[in-house]
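Structure assessment
Chain by chain, the residues run as shown.
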Amino acid sequence: MGSKGGFGSMGTEVSALADGELNAHEVADIVASLRQDVELRVAWNDYQMIGAALRRETRLSQELTARVMTGLSLEPVVLSPQPRLQSKQAVAWQRSLMTLTTMAASAAGVAVVAWMAFSSQMVNRSPASSELAQAPVGAANLAEAAIKPGAREDMREYLIAHQAHAPISQMPGGTQNIRLVSVSGGLDRR
Amino acid sequence: MNLSITVPSRRSQQRRLLFLALAMLSALWGMTRPAAAQMPDDGMQWLQRAARAAQNLTYTGTFVYRSGTVAETSRITHLVDAAGEAERIEVLDGSLREVVRIDDEVKCYLPENRTVVVEQRSAQRGFPARQSIKSVNFGGIGENYTVRKGAPGRVAGMESQLILIEPRDSLRYGQRWWIDIQSGLLVKAILIGDQGEPLETFTFSELRIGGSVDRASIKPSGRMNASNWLVRKPYAVDSRQDDGMWQFRTSLPGFHKVSGMKRQTRADVPPGSHWIFSDGLAAVSVFIDPLIVQAEKPETGLFAMGAVNVYKRILGDNLIVVMGDVPHAALRQLGDGIEARRK
């Protein structure tokens, strides 16, 4: 996709990765490409979303969100050395698995945060902290961050005013106006 | 018989060789000249072309808009005729929502709230002004972004050219645009976050360019019967001149104030101010509104609405809202520098 011109062969491999059809060294290659190529990551997200839609997994449950966030905040950091695996193949597989696990965790985190952003329409990402980068985002933070319903209408109108009056050179071709309804309206139910 | 053979002189041979060399150089220069001439501004020319096509072409299509993991399919109808420019976007997933824009008036139909929000975009307000739209000004983009051509690709079955727009600093996001080679229309766009993550994606899945489109297709659907809906139409007047009440002690490098207006959303609340800053591509709005005395104190801090970030703070009896598709740090930089001017 993208730099390869359309989805192309890399897109096919991403699809195969999503379907669990690749062997270990192929996984390592495509994961390396995924780390470097933003468009491939978009393709990966697309395939995940299509899969979720086919499985009718249209939303994450809030309980799951809370559990994931609580689990992350309570997860102890293990500082003991990891046992060394003997074979090169085992090491390669472990690396692939770790990379995938990291990606999966990131994707889940992003998915949860994005879902919460839409489900509450507007999420206070860091209500009390002035340091964005250092602010730990745990279950408590996100729970407190849910915006009060009364404020939504106000922010919706600010967003509509911003989008309606922003320079037209911004993302031509309907993208500017789609934010008016996709972000500002109708997503409360998600 | 007097046979005379003309033997070219040494000087003549040199002349011919020189002529040949010049001809070859000329041909070579002719071949390379267009590319060389376009290279520095090539990406910019594509952006210009996309902006012009978006305003000049009549088209209908279906596109997928995604922000985070939420995706929506929408139908767009855009027509340009003797009466002007009109556009209708109908969201096909989830709850019914529509946007209808006729020239400078934008109407958002939100049936769940039984509300229609109307925004009138002034001819003089905003950037670029309507009268200059036909030659959209991308001024400032070159200073704030690197714009270059990427690989060609296919989107919605159309051959498209990828344009990479990369920020020169951390105050703005990058973008990738895929532009239909034949028509110049933007067929896919990705807004890219500071970690390289896609923040917002827009992709046509089906597109028909040209042909006749009836004005009736721009009208909102019958389900948007807004006769007994709440109509929210803020009163807004241009106010480019500084009213002397506020000063911006910090500025965002590369961003310039492109519009300013006084806005009144409620009859019982005094008007507030709305300024828009742009770096040629991204836009940041600053709203300063008097706090409503009886209302609950608004939440402050950093927020996200899809790809649009928000920073809210209270200054005296006013609420400052800074929002735009730029990183939070940029919003804070601008918002924290706002002060009430001493009288």
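Residues numbered from 1 in each chain as written. Chains lettered and ligands numbered in written order. Predicted model: local features only at pLDDT ≥ 70, side-chain atom pairs only at ≥ 80, totals over all residues.

What follows concerns the overall build of chain B. Counting its secondary structure elements, chain B contains 4 helices and 21 strands. With 343 residues in all, chain B has 38% of them scored as buried. (Helix = DSSP H or I, 4+ residues; strand = E, 2+ residues; numbered from the N terminus. Buried ≥ 20, exposed ≤ 12 C-beta atoms within 10 Å, placed from the backbone.)

A word on the nonpolar core. Counting 89 residues, the largest nonpolar core has B:Ala50, B:Val284 and B:Val322 as its most contacted members. In contact with B:Val322, other than residues within four places in its own chain, are B:Val284, B:Val286, B:Tyr311, B:Leu331, B:Leu334 and B:Gly335. (Core = buried A, V, L, I, M, F, W, Y, C linked by C-beta atoms within 7 Å. Contact = placed C-beta atoms within 7 Å.)

Further remarks concern the environment of B:Ser74. Residue and element names in this part refer to chain B. Along the chain, the position of Ser74 falls in strand β2 (residues 70-81). Owing to 23 C-beta atoms within 10 Å, Ser74 belongs among the buried residues under this scheme. Between the alpha carbons of Ser74 and Gly61 there is a distance of 8.5 Å; along the sequence they are 13 residues apart.

What follows covers the sheet that holds strand β3 (residues 84-91) of chain B. All names here are of chain B. Reading across the sheet, the 12 strands line up as β7-β8-β9-β10-β11-β1-β2-β3-β4-β5-β6-β12 and stay open at both edges, with mixed pairing between neighbours. Edge positions in the open sheet fall to β7 (145-155) and β12 (230-232), since each of these has one partner strand only. Along the sheet, successive strands turn relative to each other by an average axial angle of 15°, direction set aside. Sheet topology note: the strand β6 (residues 115-120)/β12 ladder contains 3 bridges and is parallel. Bridge pairing links Val116 to Val231 in β12. Each of β2, β3, β7, β8 (158-167), β9 (174-180) and β10 (186-192) is contacted by helix α2 (residues 42-56), which is oriented at about 65° to β7, the strand it contacts most. (Pairing = 2+ DSSP bridges. Axes fitted to C-alpha atoms, helices over the stretch in contact; angles between N-to-C directions.)

Attention now moves to unusual backbone geometry. All names here are of chain B. With a phi close to 50°, Asp103 is a non-glycine residue in the positive phi region. Note on placement: Asp103 falls in the loop between β4 (98-102) and β5 (105-110). On the basis of neighbour count, Asp103 is assigned to the partly exposed category, with 14 C-beta atoms found within 10 Å. If you check the backbone angles, Ala156 has positive phi at about 50° while not being a glycine. Checked against the element boundaries, Ala156 lands in the loop between β7 and β8. Here Ala156 falls in the partly exposed class, since 17 other C-beta atoms lie within 10 Å of it.

Residues and elements named next belong to chain A. On average, residues of chain A score 54 in pLDDT, and 28% of them are at 70 or above. Per-residue pLDDT, averaged within each element of chain A, yields its smallest value for helix α6 (residues 139-145) (33) and its largest for helix α2 (residues 24-36) (82). A low-confidence stretch, residues 58-66 stays under pLDDT 50, and its non-local contacts, those more than four residues away or across chains, total 9 contacts. Counted against residues more than four places away or in other chains, residues 186-190, with its pLDDT under 50, gives 16 contacts. (pLDDT = per-residue confidence, 0-100.)

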